[in-house]
Amino acid sequence: MRAKKRILLRLLCLLLSFGLLSGCGGRGEGQAGTAGDWRSWRIGTPLAWSSDYYLSEQERIPNLYLYDSIGDCIMALRFGYVDAIAVDALYAYSMVAEYSDLVIQPEPIGEDALVAYITNARRDILEQMNTYIPQFKSSEAYADLVARANAETFTPNTDLPVITDGEVLRVAINTGGAGYPYSYYDFVTGEPQGVDIEFIKHFAAAYGYTIEWFDSSWDACSLAIASGDVDVFVYAISQYYAGEVEAMGTCLHSDAYFDLDLVLVTQSES
């Protein structure tokens, strides 16, 4: 998978060198200054990520450039089209682990949080989850999860309690997407792992549920939660978009079960 990514990035480099890859804005001449001046930087971010929503709707920075993918953002950074890439901290750690020329700026630029979608017919699950979340976030299990998530490599906890004879909780996930370290398929354990997975496992164990996974694409999971074919959907769902989905009547959303920072990734000075 990483080899394929490297091949794709090389192709993107060639395209960019001929001026075909420029995001939603042109190339500027300015360079990034000190961290305190970041609002004047040219910042790239993947389209529809929480960093996009935060910078366009809340900060409303003037020099925001939207790209179709994180690969496009990296190429724009390397070729000087932007001064920094805005992403959530957990994804940033995986970026700098894979690309040695990238660094994370020390000061976060904002905050985000993850929520779960719950199908409209299961308001009882919503109430249970919102009752459980404050307990979870004050627990040692949450502190341990935060520590493991905020590392260059996420190490899953494979010793979580599992209920095998309880009421079935149908949980939609997407381990085939770019969801690391939130929801991904671990070839070592042969099971889904990640921040979202550990949260829902803790919740299910606390209320005696047996989890039945529905592992599919984002679109399929979204349709399943809207139609009631699944009870819960977890997949790095930002709190910034959840309210709009609930307002449209598509589904319900939980309180925030995992807090994270939004950060800037820049090229190393070296």
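Now for a look at the structure at hand. Predicted, not measured: the structure shown is a model, and the values here were computed from it.

Before going further, it helps to spend a moment on the pattern of salt bridges. If charged atoms from side chains of opposite charge come close, those side chains can pair. One pass over the structure, following the stated rule, counts 12 salt bridges. The partner of Arg-60 in a salt bridge is Glu-57, with the nearest N and O atoms 3.9 Å apart. By relative accessible area, which is 42% here, Glu-57 ends up partly exposed. The shortest N-O distance in the salt bridge between Glu-167 and Arg-122 comes to 3.3 Å. Taken together, the residues Glu-167 in strand S6 (residues 167-173) and Arg-122 in the loop between strand S5 (110-118) and helix H5 (123-137) connect sequence positions 45 residues apart. Arg-122 gets classed as buried once you look at its relative accessible area, which sits at 17%. Three or more residues joined by partner-sharing salt bridges are found here, namely Arg-122, Asp-124, Glu-167, Arg-170 and Asp-231.

Once that is clear, we can look at the environment of Ile-61. When you line up the elements, Ile-61 lands in the loop between helix H2 (50-59) and strand S2 (64-67). With relative accessibility at 9%, the residue Ile-61 sits in the buried group. Separated by 18 residues in the primary sequence, Ile-61 and Ile-43 place their C-alpha atoms 8.7 Å from one another. Those residues within four positions of Ile-61 in sequence are excluded, and the remaining contacts are Trp-38, Arg-39, Ile-43 and Leu-55.

Turning to the nonpolar core, a few remarks are in order. One recurring pattern in soluble globular proteins: nonpolar side chains tend to sit buried together. Ranked by internal contacts, the top residues of the largest apolar core, which has 32 residues, are Met-129, Leu-169, Val-195, Val-232 and Phe-258. Where this core is concerned, the elements lending two or more residues are S5, H5, helix H6 (140-149), S6, helix H7 (195-207), strand S10 (232-238) and strand S12 (258-267). When neighbours within four sequence positions are excluded, Val-195 is seen to be in contact with Leu-90, Leu-114, Leu-145, Ala-149, Phe-154, Pro-181, Tyr-182 and Phe-258. One finds Tyr-65, Leu-77, Val-96 and Val-263 within the second-largest nonpolar core, a separate group that totals 21 residues.

Of the pockets and cavities examined, the second largest pocket occupies roughly 600 Å³. What lines the second largest pocket is a set of 25 residues, among which Ala-48, Trp-49, Trp-218, Tyr-235 and Ala-236 lie closest to the centre. Listed by contribution, the elements that provide at least two residues to the lining of the second largest pocket are S5, helix H8 (218-227), S10 and helix H9 (239-247). Element by element, the count of residues in the lining of the second largest pocket is highest for S10, at 4 residues. Here the lining of the second largest pocket is composed, by residue class, of 16 nonpolar, 7 polar and 2 charged.

Further remarks concern the pairing of S5. Within S5, 8 of the 9 residues are buried, which leaves the element mostly enclosed by the surrounding structure. The sheet contact formed by S5 and S12 spans 5 bridges and is antiparallel. In the sheet register, Glu-111 faces S12, and the bridge partner there is Asp-261. Relative to S10, S5 runs antiparallel, the two being bridged by 4 bridges. Bridge assignment links Tyr-117 to a residue of S10, and that residue is Phe-233.

Before going further, it helps to spend a moment on the side chain of Ser-254. Turning to its location among the elements, Ser-254 is positioned in the loop between strand S11 (252-253) and S12. The exposure class assigned to Ser-254 is buried, which follows from its relative accessible area of 1%. Those residues in contact with Ser-254 that lie beyond four places of it in its chain are Val-115, Ala-116, Ile-118, Leu-126, Met-129, Asn-130 and Ile-133.

Parameters at a glance
Residue positions are given per chain, counted from 1 along the sequence in the order it is written. For a predicted model such as this one, the threshold for reporting local features is a pLDDT of at least 70, and the threshold for listing and counting side-chain atom pairs is 80 or more; totals across whole chains, interfaces and linings nevertheless cover every residue. Excluding hydrogens and water, the side-chain figures rest on all heavy atoms present in the structure. A pair is scored as a salt bridge if a Lys or Arg side-chain nitrogen falls within 4 Å of a carboxyl oxygen belonging to Asp or Glu. A simple rule labels every residue: compare its accessible area, found with a 1.4 Å probe on the protein chains alone, to the largest value its type can have, and call it buried under 20%, exposed over 50%, or partly exposed in between. Secondary structure elements are defined from DSSP: runs of H or I of at least 4 residues count as helices, runs of E of at least 2 residues count as strands, and each element is numbered from the N terminus. Note on contacts: a residue pair is in contact if any heavy atoms of the two residues lie within 4.5 Å. Definition of nonpolar core: a set of buried residues of the types Ala, Val, Leu, Ile, Met, Phe, Trp, Tyr and Cys, connected through side-chain atoms within 4.5 Å. A pocket here means an open set of points on a 1 Å grid, computed over the protein atoms alone, that has protein on both sides within 12 Å along at least five of seven lines. A cavity is instead a set of points where a 1.4 Å probe fits but cannot get out; residues with an atom within 4 Å of a point line either one. Grid points are joined across faces, edges and corners, and a volume is the space filled by probe spheres set on the points. Amino acids outside the nonpolar list (Ala, Val, Leu, Ile, Met, Phe, Trp, Tyr, Cys, Pro) and the charged list (Asp, Glu, Lys, Arg) are all regarded as polar, and Gly is one of them. Between any two strands, pairing holds if DSSP finds at least two bridges.

That is the geometry; function is a separate question.
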